[in-house]
Amino acid sequence: MSAATLVLNGTSYDFPVIVGSEKEVGIDIGRLRATTGAIALDPGYGNTGSCKSAITYIDGEKGILRYRGYRIEELAAKASFLEVTHLLVYGTLPTAGELRRFTRQLTEHTLLHEDMKKFYEGFPPSARPMSVLSTMVASLSTYYPDTQVDLNIIRLLAKLKTIAAFSYKKSIGQPFVYPRNDLGFVADFLHMMFAVPSEPYDVPDVVHKALDMLLILHADHEQNCSTSTVRMVGSSGTDLFSTVSSGVCALAGPLHGGANVAVIRMLEAIRDDGGDHSKFIAKAKDKSDPFRLMGFGHRVYKNFDPRARLIKEATDRVLSLLGREDPLLDIAKRLERIALEDEYFIARRLYPNLDFYSGILYRAMGLPTDMFTVLFALGRLPGWIAHWKEMREMHGRLHRPRQIYTGHTERAWIPIDQR
Ligand code: ACO
């Protein structure tokens, strides 16, 4: 396969065919407008490849997800989040020496400039954590020159968890707890979240492992909404911090990363309503009702989301190891069972995505609901950075889509007294 032919108004045009390393096929329409005068129209970009990328591979039909060639199931079972971060950002699994150096670098840059603490004083107690996160990330660009690209990557990877934990402390009115250099990445984050000055926080091993795995499962997902935003904003040459801040904003919405909070709110609503699932299923199917079954459906996965499977298994494991029960888990399982037998969901190939069970797992670990999407951002950061870095190294073009204009054609000016 070397060319695709388009016939437009009786004239044939040939376009090169690009084949990826997993044999997926793309028609290169880079010269479509120049040769035919027409553009491709694809609202929501469901059929549009915006770039070539060597970072993450997804086969949505088969439920396959791989980072740099490694299966997500294997990474979740065997790797640490920092190994996966190194893999995504630098392209290789680190050697023991590289991992030691990388861990030390991330440990040395966890502190925030003391002046940045004052920013938190300006936010109202009700501030949404994702809004605080995007503001704080963007403000890093006022402290660090954008020419220090490699160092800024380390700074951002190290500081995001401090920013996130400080946001939580601010929201509950507790003093900030500073990072500790003797703790690993996940333990340090949990320490900053849950320790108080008079009492350290002993991280249960099961919680440590589960959070590490959750961060791995969220670490990248090729050209999703927030990563495409990062590539879009970064394509204009914007600095790393401002660019990633835009990714945080895109992630916050309930159709994307914000779904993990929306799922819990939905399960609570079902519980408070007496547990009547059918009412909520009916609402989700009713086209006149904007309600959707949160945590269900995915643009790419059409049979199952491999991350959702791993999270569901981990949720059962963690709840049993901690000796806890969560009635919301029973509601979720029943909802999943009913939906998966329903013709509406079967016909549209709607399955639980990673957000369906992740919230219940976060709850089991004692993490507060308002912080769920922030945790998603913490996990997704290596992916955003990897894509930003890849795009810069490829010297990609400015992202600038076109449109089909549907407004008025030219019309005469109307003086104000005649309108
Ligand atoms: N509940 C009910 N119906 C749904 C749902 C849902 N969760 N998701 C999709 N549908 C229906 C649509 O109404 C549409 O029906 P129609 O063909 O009769 O018009 C059909 O399924 C196709 O849906 P689209 O919106 O075209 O699918 P799209 O790929 O654009 O949307 C999305 C994907 C946004 C994830 C959607 O499934 C959704 O809104 N899900 C709920 C929110 C959610 O869980 N988001 C997290 C996604 S994972 C992530 O971003 C990390």
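Residues numbered from 1 in each chain as written. Predicted model: local features only at pLDDT ≥ 70, side-chain atom pairs only at ≥ 80, totals over all residues. Heavy atoms only, no water.

Draft legend 1. Highlighting the nonpolar core. The biggest cluster of nonpolar side chains holds 112 residues, and the ones touching the most others in it are Tyr67, Leu133, Leu211 and Leu293. Here this core takes twelve residues from helix H18 (residues 372–393), the largest share from any one element. Contacts of Tyr67, omitting those with residues within four sequence positions, involve Ile55, Thr56, Ile72, Leu75, Val84, Leu87, Leu88, Ile216, Leu217, His218, Ala219 and Asp220. (Core = buried A, V, L, I, M, F, W, Y, C linked by side-chain atoms within 4.5 Å. Buried < 20%, exposed > 50% of the residue type's maximum accessible area, 1.4 Å probe, protein only. Helix = DSSP H or I, 4+ residues; strand = E, 2+ residues; numbered from the N terminus. Contact = heavy atoms within 4.5 Å.)

Draft legend 2. Layout of the packing of aromatic side chains. In this structure the tally under the stated criterion is 18 aromatic pairs. Between Tyr362 and Phe372, the aromatic rings sit 5.0 Å apart at their centres with planes inclined by 40°, giving tilted as the arrangement. With a gap of ten residues between them, Tyr362 in helix H17 (residues 354–364) and Phe372 in helix H18 connect regions that are remote in the sequence. Both residues of the pair, Tyr362 and Phe372, count as buried. (Phe/Tyr/Trp six-rings, centres within 6.5 Å; stacked < 30°, edge-to-face > 60°.)

Draft legend 3. Representation of the environment of Leu381. Residue position: Leu381 is located in helix H18. On the basis of relative accessibility, which here comes to 2%, the residue Leu381 falls in the buried class. Apart from residues lying up to four places away in sequence, Leu381 is in contact with Leu156, Leu157, Leu160 and Val244.

Draft legend 4. Structural context of the sheet that holds strand S4 (residues 56–59). Across the sheet, three strands lie side by side as S4-S5-S6; this open sheet has antiparallel pairing. What marks the edges here is a single partner per strand, and that holds for S4 and strand S6 (70–71). Across four bridges, the pairing between S4 and strand S5 (residues 64–67) is antiparallel. In the sheet register, Tyr57 faces S5, and the bridge partner there is Arg66. (Pairing = 2+ DSSP bridges.)

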